[in-house]
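# Coordinate inspection notes
Read off the chains here:
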Amino acid sequence: MIAKFLMLAGVAPAALFAQAAVAQDMSVQAAAAAPAAADITPEDQATPDQAGPDQAGGDIVVLGFGQSRQVQTVTASDLERLTPGTSPLKAVAKLPGVNFQSSDAFGAYEWSTRISLRGFNQNQLGFTLDGVPLGDMSYGNVNGLHVSRAIISENLASTTVAQGAGSIGTASTSNLGGTLQFVSRTPSDAFDIVGSGTYGSDDTYRAFVRVDSGDLGEGLKGYLSYGFLQTDKWKGYGNQRQHQANGKIVKDIAGLGSITAFLNFSDRRETDYQDLSLDIIRRRGLNNDNIGDNYPLALQLGQIYANQTVRAGSGAAPLPYPSAGLAFPSGIGTIDDVYYDAGGLRRDWLGGVTFDAKLSPELSVVSTSYYHKNKGQGSWITPYVGTPAGAPDGNGGTLTAGSPLSFRTTEYGIDRAGNLTRFAYETAVNRLEVGGWVESNSFNQARRFYGMTSAATPNRETLAFQKDPFATQWNGKYDTFTLQYYVADTLTLGDLTLNGGWKGMRVQNRANLTTGTLVAGEIQSKDWFLPQVGAVFRLGGGAEVFASYTENMRAFVSSATTGPFAITQVGFNAIRNTLKPETSKTAEGGVRLRTGGLQLSAVGYYVDFSDRLLTFANGAGIIGNPPTLNNAGSVESYGAELSAYYRIAGGFSAFASYSYNKATYQDDVRNVAGAVLTATEGRTVVDTPEHMAKGELVFDNGSFFARAGADYMSKRYFTYLNDQSVGARVLVDASIGYRFPALGGLAIEGSVTNLTDKEYISTIGSNGYGASGDNQTLLAGAPRQFFVSLRKGF
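Conventions and cut-offs
Residues numbered from 1 in each chain as written. Predicted model: local features only at pLDDT ≥ 70, side-chain atom pairs only at ≥ 80, totals over all residues. Heavy atoms only, no water. Helix = DSSP H or I, 4+ residues; strand = E, 2+ residues; numbered from the N terminus. Contact = heavy atoms within 4.5 Å. Areas by Shrake-Rupley, 256 points an atom, 1.4 Å probe, with all protein chains shown as cover. Salt bridge = Lys/Arg side-chain N within 4 Å of Asp/Glu carboxyl O. Buried < 20%, exposed > 50% of the residue type's maximum accessible area, 1.4 Å probe, protein only. Pairing = 2+ DSSP bridges. Core = buried A, V, L, I, M, F, W, Y, C linked by side-chain atoms within 4.5 Å. pLDDT = per-residue confidence, 0-100. Patch = residues over 30% accessible without salt bridge, like charges linked within 9 Å, V, L, I, M, F, W, Y side chains within 5 Å. Lys, Arg positive; Asp, Glu negative; His and termini not counted. Polar contact = N/O pair within 3.5 Å; in protein donor to acceptor, adjacent residues only side chain to side chain. Phe/Tyr/Trp six-rings, centres within 6.5 Å; stacked < 30°, edge-to-face > 60°. Lys NZ or Arg CZ within 6 Å of the ring centre and 35° of its normal.

When helices and strands are counted, the protein shows 9 helices and 38 strands. By sequence separation, contacts in the protein at least 24 residues apart represent 69% of the contacts at least 6 residues apart. Just so you have it, the protein exposes about 27600 Å², and 59% of that area is on carbon and sulfur atoms.

So this is what it looks like as structure tokens:
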């Protein structure tokens, strides 16, 4: 893998470690005035060098002035007002067009975290950190990692959202419907130690510390930081924890540019919440959860289910567990009402080096090489597969008796490396840019079963990596090779700026199944011409109009649990030569105004989404039945987004946004013979609220600060026939705090999430979507929770 990394980097080892992460840091004021040329850079928005309190009254939201597309940026000052450890995804939830869901207060519990833009779900978006691709950031990620693991939130300088289409140079093969681009902070010029500590509801502990070296001479500076989070689940039994470490070094090269290197580590272990259905909620309430503190009850339920299965399969056959009987205890209706336990483990290393140089007054180059190593495990104590006698017990011995339960895992391993390089030639009125991205990714995925005891005390822990399986259902190696290039040009003619260009990509996927009966084979996605054009015209008085048109393609992914390799071999053989990757055509236009402390933005858009691939769940998602992959034809989306930011005198600021989105399927789902499988034509796209409205009021005079925000989302469907839905909800968060200038910037803050203690369903589609009927694919939102934090610095 090291040799592959050096080959992809295109440099010798000594030069490789002299490169650094892409970070085009500027001030927020410069960002707000960034020219439309930024449309063709890897990062859509220039960002502040240092995260810090908004004591000077600087903008915390920048509405993309100078851009030919809908682009909006949230700065580190805004993240600071949220509870420490909060996901940056939650910070951008207030932007128009952004649908964010999570069942925990921090927005960091990955199984529940979802973000979508204008009806495009998370695996149809693009995500980068300092230009480095994070893949599609889905839970069982095959080509990247979640931003909450990629970097500690306090080390972010900004998050930029392009709701309709990312910049043409974005390193992503999934960005059909927009991008989120995260930029890390630059090390401080002066030595500094900053930190925070948080305690709150459900025994939440969060700690963070960062040490900046300051300038050590000749432009050499860096920082090391560590973050820790541990919290009990807000319902049920178990905890969630994460260790993180980030390091970054920058070396300025006088008259040439800079070299930057970073290395980030994360170890996250989460006890899962129980997935719910509307039926379970009606019978058992939103607080229904796994029974991780009651293993004997889990054994009893497994025994009863085994009895029912035997009796149903062979009439009056003897019961395998006579004492358990055939009837569930009072209050439990099915084996899926409660499971014993489940969890998710992820361990990641992400590193990179970038060389950023000015080769001449007109010519510049930025080249980034990166490497990512991941080990992951998703676990579930299942009653659907029992443990045979003699199975390994995980402690070097064997189990003398069988059990109605087993420990099922989905295991992940990512080993990927890549390089992104771009050259820009800039004159007084013109900027020409060419760039490319290459990545090789080796992904291993397996489904295994481990033995569970029939004794009263469990022998395995869900938050530990398992060993000694008694069975492997399937095991596959999935290789993906990505090649992407782009050409872009920007021409500035007085008040008019024009930009245009194209990108092309080829993604080759190969599945090699070593165990089991899933798919083996090859497939590729290729399109060498995907154009993007745009224009911005400045009207004077701080007003401008803009318009853009973009075409994008989402490549197939290589995995046993999603995409074309997740079905049967027969099914794959039937579609491999006719299956087309998803594509989108996006047109948008709008107007922006900035005057004094006021920023306004209004945009309308239309999206033609073709060859949409729909995966239908077969049975309860957690059982793991191979899904059915269908082409649902096209989707039409149109809508409007309004946003306003006002920095009021006296330390007050306000932000508000409203989104309208109408997204409907344009075709029925048909089989190869043309017969209608599901009559989806005219139905609303799942998990696409038609209306969203967000508002926030902030006060900050340098010492005292306070924030209150509200988030409204209308009804969402979780079936393709729109016969099942969850209702609208309004969530309110608030915080208040005080800084002590005489104590070196020490601050104390109190915050509350879900202030009104709203009972609601947060995430939908946790186990996918069905054609119709109820489905165990919902997660409850966290109740009201309180936190107190002490901070120094930022």
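To continue, consider the pattern of salt bridges. A side chain with one charge may pair with a side chain of the opposite charge, provided their charged atoms come close. Evaluated as defined, the whole model comprises 35 salt bridges. Between Glu-270 and Arg-268 there is a salt bridge, with the nearest N and O atoms lying 3.5 Å from each other. We classify Arg-268 as buried; its relative accessible area is 4%. One salt-bridge network, held together by shared partners, links Glu-110, Arg-149, Arg-268, Glu-270 and Asp-348.

Quick look at the pairing of strand β3 (residues 98–101) now. Residues Val-98 and Phe-100 of β3 are buried on one face, and the alternating residues Asn-99 and Gln-101, pointing to the opposite face, are buried as well. Sheet analysis places β3 next to strand β4 (residues 114–117), joined by 4 bridges and oriented antiparallel. From the neighbouring strand, Asn-99 faces β4, where its bridge partner is Ser-116.

A few words on the sheet that holds strand β8 (residues 179–184). One open sheet holds the 6 strands; their spatial order is β1-β2-β7-β8-β5-β6, and the pairing between them is mixed. Both outer strands of the open sheet, β1 (61–62) and β6 (132–133), are each paired with one neighbouring strand and no more.

Attention shifts here to the nonpolar core. Judged by nonpolar contacts, the single largest core of 69 residues is most densely connected at Ile-115, Leu-134, Leu-180, Phe-182 and Leu-778. Non-local contacts of Leu-778, meaning those with residues more than four positions away in its chain, are made with Gln-274, Asp-275, Leu-276, Ser-277, Leu-278, Ile-281, Phe-718, Val-726, Ile-761, Thr-763, Ile-764 and Ser-766. Ranked by size, the runner-up nonpolar core spans 20 residues in total, among them Leu-518, Ile-523, Val-557 and Ile-567.

Summing up the model confidence of the protein, the mean pLDDT is 88 and the portion of residues at 70 or higher is 89%. pLDDT under 50 marks residues 1–57. Its contacts with residues more than four places away, or in other chains, come to 180 contacts.

With that settled, consider a nonpolar patch on the surface. On the surface, a nonpolar cluster with roughly 690 Å² of combined accessible area is contributed by Phe-704, Ile-736, Tyr-738, Phe-740, Leu-743, Ile-748, Val-788 and Leu-790. Looking at the nonpolar patch, the elements with two or more residues in it are β34 (729–740) and β38 (785–792). Among the elements that make up the nonpolar patch, the one with the highest residue count is β34 (3 residues). The residue Val-788 is located in strand β38 in this model.

Once that is clear, we can look at the side chain of Arg-460. Position of Arg-460 among the secondary structure elements: in the loop between β17 (430–451) and β18 (471–493). At 5.7 Å, Asp-468 is the nearest oppositely charged side chain to Arg-460, a buried residue that forms no salt bridge. Of note is the side chain of Arg-460, whose polar atom sits 3.3 Å from the backbone oxygen of Pro-392. In contact with Arg-460, not counting residues within four places along its chain, are Pro-392, Asp-393, Gly-394, Phe-407, Tyr-450, Gly-451, Met-452, Gln-466, Lys-467 and Asp-468.

This paragraph deals with the packing of aromatic side chains. One pass over the structure, following the stated rule, counts 24 aromatic pairs. Aromatic pair Tyr-339 and Trp-380: ring centres 5.1 Å apart, planes at 75 degrees, arrangement edge-to-face. Here Trp-380 lies in strand β15 (residues 363–382) and Tyr-339 lies in the loop between α8 (295–314) and β14 (342–358), a separation of 41 residues in the sequence. For the residue pair Tyr-339 and Trp-380, the accessibility class agrees, reading buried in each case. Ring geometry for Phe-407 and Tyr-450: centres 6.3 Å apart, planes at 85 degrees, overall edge-to-face. Here the residue Phe-407 occupies a position in strand β16 (residues 406–426), and Tyr-450 occupies one in strand β17, the gap between them amounting to 43 residues. Both residues of the pair, Phe-407 and Tyr-450, count as buried. Over the face of the ring belonging to Tyr-139 we find Arg-346, whose NZ or CZ atom lies 4.6 Å from the ring centre.

This paragraph deals with the environment of Lys-375. Along the chain, Lys-375 falls in strand β15. Spatially, the C-alpha atoms of Lys-375 and Asn-444 are 9.5 Å apart, while their sequence positions differ by 69 residues. Excluding anything up to four places from it in sequence, Lys-375 contacts Leu-345, Arg-346, Arg-347, Tyr-412 and Phe-465.

Structurally, the position occupied by Asp-711 is in strand β31 (residues 704–713). Setting aside anything within four residues of it in sequence, one finds Asp-711 in contact with Ala-93, Ala-693, Lys-694, Arg-729, Val-730 and Leu-731.

Most peptide bonds are trans, and most residues other than glycine sit at a negative phi. One non-glycine residue, Asp-130, lies in the positive phi region at around 50 degrees. Within the fold, Asp-130 resides in the loop between β5 (126–129) and β6. The class of Asp-130 is buried, set by a relative accessible area of 3%. Phi at Asp-203 is positive, roughly 50 degrees, even though this residue is not glycine. Secondary-structure assignment places Asp-203 in the loop between β9 (192–200) and β10 (204–212). For Asp-203, a relative accessible area of 38% corresponds to the partly exposed category.

This brings us to the environment of Asp-495. As for its placement among the helices and strands, Asp-495 is situated in the loop between β18 and β19 (496–515). Placed 41 residues apart in sequence, Asp-495 and Val-536 show a C-alpha to C-alpha distance of 8.0 Å.

This part is about the environment of Gln-532. Checked against the element boundaries, Gln-532 lands in strand β20 (residues 521–540). Relative accessible area serves as the criterion here: at 8%, Gln-532 is assigned to the buried category. C-alpha of Gln-532 to C-alpha of Tyr-549: the two residues are 17 residues apart in sequence and 5.7 Å apart in space.

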